[in-house]
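Here is how the chains run, residue by residue.
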Amino acid sequence: MHQFMKIILGFLILSLLTFSCKEKNESQNKQKKITKSPIEVNVINQNTVKRNILNQVRSFEFLALKGIPVDKSILKVNKAIEYNGKLLLLDKMRSNLHLFTLDGDFIKIIGVKGDGPEEFKSIKDFSVHKNRNEIIIIDHESMLIYDLNGNFKNKVYLGSNLSPNSLSILDDDHIAFNVRVDSNEYYKILITDIHGNVKGKAAKFPEAGKYLNFEFTGGMNGDGLDTYYNAPTSSLVYKIIPPADLLPLYQLNFGTNTWPENKKYYHQEFDKEIMNLNTSYLNHSYKITTGWFIFSYTDKNRNLYGYYNINNQQVYTSNNINNSQRLIRFLLPVPIGLDSKNRFINSIEFETFLSFKSNGNGKFMKDLKNFNLDLFHELDKMNYDNSIILTFYQLK
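Conventions adopted
- Residues numbered from 1 in each chain as written.
- Predicted model: local features only at pLDDT ≥ 70, side-chain atom pairs only at ≥ 80, totals over all residues.
- Heavy atoms only, no water.
- Axes fitted to C-alpha atoms, helices over the stretch in contact; angles between N-to-C directions.
- Helix = DSSP H or I, 4+ residues; strand = E, 2+ residues; numbered from the N terminus.
- Parallel < 35°, antiparallel > 145°, perpendicular 65-115°, else oblique.
- Contact = heavy atoms within 4.5 Å.
- Nonpolar A, V, L, I, M, F, W, Y, C, P; charged D, E, K, R; others polar.
- Pairing = 2+ DSSP bridges.
- 1 Å grid on protein atoms, 1.4 Å probe; cavity = no way out; pocket = protein on both sides within 12 Å on 5 of 7 lines; lining within 4 Å.
- Points joined across faces, edges and corners; volume = space filled by probe spheres on them.

(A) Structural detail: the packing of helix 5 (residues 363-371) against helix 6 (residues 373-380). One can describe the packing of helix 5 onto helix 6 by two numbers: an axis separation of 5 Å at closest approach and a directional angle of 130°. Classified by the angle between their axes, helix 5 and helix 6 sit oblique to one another. Between helix 5, through Met365, Leu368, Lys369 and Phe371, and helix 6, the contact on the second element is made entirely by Leu373, Leu375, Phe376, Leu379 and Asp380. Considering only residue class, the contact of helix 5 with helix 6 consists of seven nonpolar, no polar and two charged.

(B) Structural detail: the sheet that holds strand 12 (residues 174-178). Pairing within the open sheet is antiparallel, and its four strands lie in the order 11-12-13-14. The open sheet has two edge strands with one neighbour each: strand 11 (166-171) and strand 14 (198-204). For this sheet the average axis-to-axis angle between neighbouring strands, irrespective of direction, equals 20°. Both strand 13 (residues 187-192) and strand 14 contribute to a ladder of five bridges, which runs antiparallel. Looking at the pairing, Tyr187 lines up with Lys204 of strand 14.

(C) How the structure looks around empty space enclosed by the protein. Applying the stated criterion across every chain, the model contains one cavity of 30 Å³ or more. Of the voids in this model, the largest cavity is the one considered here, and its volume is about 40 Å³. Forming the boundary of the largest cavity are Tyr83, Asn84, Lys86, Leu88, Leu99, Ile135 and Leu148. A breakdown of the residues in the lining of the largest cavity according to their chemical character gives five nonpolar, one polar and one charged.

(D) Summary view of the side chain of Ser324. Within the fold, Ser324 resides in the loop between strand 22 (315-317) and helix 3 (325-331). Among all residues touching Ser324, those that are not within four sequence positions of it are Asn52 and Leu54.

(E) Spatial organisation of the sheet that holds strand 5 (residues 96-101). Taken together, the four strands give an open sheet; going across it, the order is 3-4-5-6, and neighbouring strands pair in antiparallel fashion. Of all strands in the sheet, those with a lone pairing partner are strand 3 (79-83) and strand 6 (106-110), marking the two edges. Neighbour-to-neighbour, the strand axes of this sheet turn through a mean angle of 20°, independent of strand direction. Two elements, strand 4 (residues 86-91) and strand 5, share six bridges in a ladder whose sense is antiparallel. Pairing of Leu87 across the sheet is with Phe100, part of strand 5.

Pasting the structure below:
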């Protein structure tokens, strides 16, 4: 009997050691995955400025929006999602979420502004929870849930001081919010479930009180496929992995003036440098898909766009030497969404078109005409009553 107990005890110890080693290896593998080196995206390479991103555009189409009531006119489309045969378009300036047909016909405005139990004060962001077939809107303290026809279902209180400015659906059980630092124990990313229960936190700042909440640099970007984050002033982009891990993915290199990563918390110094037009940095606007990383960046005193082909590692920039810079900035800013055909979506507002058209010596209109004659004629007849055109395109 005594010998039998020794055998059992030995077996248990061996099992525990095996499990411990396995758990340790899995933990080390996970840690190795999370701490892998990011891919450098070099925007200043000499070959970069020679490439013309317009040559990569294909399947280009456009759609004029129709039937928008005068009192619900759109100033600017900040985000677009195509789902369930409809287009959802967010105008943050007027806090309106518009629902359109795929032919561009206005259907309705989703949600009501106000202080009531079924109302929002202003729309900070929205997304579609595709597995639940629900539309989610966030304001400065709550998450409002609607069905796909825009009918109100529920309002979930998140917290009066969070002030989230963006959200992204990570998976069925995790929704990520980019929030104020000082309201979330110094974390920039709060992750909850659909009921608002906290599931995790990420992107911790050392001392929140010293840092400003910049709107033009740093933030969270996601379109329902994957979600990405970069800290304010930082040019290092992470992928968010549920429940609350950050995987370093891309490190942007804008040359010797790139704001150093080891100073990403020195916001007052950063503020002085940008006032002196003496630094380069990644802006808050970027989009990463299966094939492209498209981003907005500031190079001292110039706002530019970069395009990184993930498959062949080639980089393009709107600051090219092919004299098409204005047309690139006009047609190919950072996309506001993707459609069901995996095409980028962008919008052209009448005021923006007027600005590009009036500046310069006519070269912009000539380049536009050569690029797409039908779009040239459609834009040329735009007015304040017919003021928004959506564009759809792919990059090779």
